[in-house]
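Structural overview for review
The chain contents come next:
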Amino acid sequence: MSVPNILIGDDDEELTQLLQEYLHNHGIQCDCVHDGAAVIQRLKAVAHEDTVYDLLVLDIMMPKLDGLSVLRQLPNIIDIPVIMLTAKGEEIDRIIGLELGADDYITKPCNPRELLARINAVIKRTNTTASEHTPLPESRLHLDQNQRICEIDGVALQVTGTEFDLLVALLKQKGEVVSKAWLSENVLQRELQPFDRSLDVHVSRLRKKLQPFHDEPIKAVRGKGYQLVL
């Protein structure tokens with residue numbers, strides 16, 4: 001397996017140097033830039049190269065171009081998983097970032113060990129080999145787990161890595177109510193916490209993308225979880 005290669009965008013140069021050294025010591029190649037404009041420039045430069053970044057770690061508060069503005073531009077540049085770095089207590093930034101397509105988040109000041117775990121979890125989800133996939137039941141949804149392509153009624157649907165994994169999890173248990181706690185632990189790789197809306201935001205984005213094909217594609221069952229009804 002090739003060495004993971006990631007990009008960190010954060011204006012705290014002392015922090016990024018610490019993270020770079022820690023991640024390198026744990027088998028992850030890491031480049032760092034220190035403002036949002038530099039993130040965009042670097043990603044545009046590698047967008048058409050054979051060797052690209054496996055993941056972007058993106059601070060929300062940066063000079064020249066903030067992290068949320070970077071997220072808005074990403075779909076036009078490159079398809080890449082994103083982990084946000086957000087200030088503790090800044091829930092609104094976290095929610096907006098997830099709504100804009102970020103896969104995960106971690107609050108600052110961040111523990112390098114926790115960031116490493118988040119990076120490995122996201123990369124593992126996106127790099128799972130075909131032999132490791134469980135066959136999915138027949139549905140209007142077609143999910144190619146090897147190429148990570150989503151189609152409904154033959155129409156391609158653009159989804160983030162986390163949204164794809166949520167669809168896989170819900171489709172495997174199609175017609176059944178899947179608890180929020182299970183989805184959070186098995187898809188987001190984090191224990192469900194009170195007032196954490198991360199899972200709800202991801203599901204809300206999926207609903208909007210699926211609603212042209214079904215009025216209520218994912219049903220929320222109060223106090224229990226979510227049910228795929230497509």
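Analysis parameters
- Residues numbered from 1 in each chain as written.
- Predicted model: local features only at pLDDT ≥ 70, side-chain atom pairs only at ≥ 80, totals over all residues.
- Heavy atoms only, no water.
- Helix = DSSP H or I, 4+ residues; strand = E, 2+ residues; numbered from the N terminus.
- Buried < 20%, exposed > 50% of the residue type's maximum accessible area, 1.4 Å probe, protein only.
- Polar contact = N/O pair within 3.5 Å; in protein donor to acceptor, adjacent residues only side chain to side chain.
- Contact = heavy atoms within 4.5 Å.
- Salt bridge = Lys/Arg side-chain N within 4 Å of Asp/Glu carboxyl O.
- Phe/Tyr/Trp six-rings, centres within 6.5 Å; stacked < 30°, edge-to-face > 60°.
- Lys NZ or Arg CZ within 6 Å of the ring centre and 35° of its normal.
- Expected span 1.5 Å × (residues − 1).
- Core = buried A, V, L, I, M, F, W, Y, C linked by side-chain atoms within 4.5 Å.

1. Considerations on the side chain of Arg118
- With respect to the helices and strands, Arg118 occurs in helix H5 (residues 112-126).
- Relative accessible area serves as the criterion here: at 9%, Arg118 is assigned to the buried category.
- A polar contact of 2.8 Å, which involves the side chain of Arg118, links it to the side chain of Asp104.
- Apart from the residues within four sequence positions on either side, Arg118 is in contact with Ile83, Asp104, Tyr105, Leu188, Gln189 and Arg190.

2. Quick notes on the pattern of salt bridges
- All told, the structure shown has 11 salt bridges when counted by the stated rule.
- Residue Asp104 pairs with Arg118 through a salt bridge whose shortest N-O separation is 2.8 Å. With a gap of 14 residues between them, Asp104 in strand E5 (residues 104-108) and Arg118 in helix H5 connect regions that are remote in the sequence.
- Sharing partners across several salt bridges, the network here consists of Asp10, Asp59 and Lys108.

3. As for the environment of Asn76
- Tracing the sequence through the fold places Asn76 in the loop between helix H3 (67-73) and strand E4 (82-87).
- Taking relative accessible area as the criterion, Asn76 reaches 73% and is therefore assigned exposed.
- Residues Asn76 and Pro109, spaced 33 residues apart in sequence, show a C-alpha to C-alpha distance of 30 Å.

4. Some points on the packing of aromatic side chains
- Summed over the entire model, instances satisfying the criterion amount to 0 aromatic pairs.
- The ring of Tyr105 carries Arg94 above its face, with NZ or CZ at 4.7 Å from the centroid.
- The ring of Tyr105 is capped by Arg190, whose NZ or CZ atom sits 4.2 Å from the centre of that ring.

5. Digging into helix H8 (residues 198-210)
- For H8, which comprises 13 residues, the first-to-last C-alpha distance of 19 Å matches the rise-based estimate of 18 Å (1.5 Å per residue) to within 8%.
- Within H8, burial applies to Ser198, Leu199, Val201, His202, Val203, Arg205, Leu206 and Leu210.

6. Things to note about the nonpolar core
- Core analysis: the biggest nonpolar cluster contains 26 residues, and Val39, Leu43, Leu56 and Leu74 have the highest contact counts within it.
- Taken together, the elements giving at least two residues each to this core come down to helix H2 (36-46), strand E3 (55-59), H3, E4 and helix H4 (91-99).
- Considering each element in turn, this core owes the most residues, 5 residues, to H2.
- Grouped together as the second largest cluster of nonpolar side chains are 25 residues, Leu141, Val178, Leu188 and Leu210 included.

Read these as layout, nothing more, since geometry by itself doesn't imply function.
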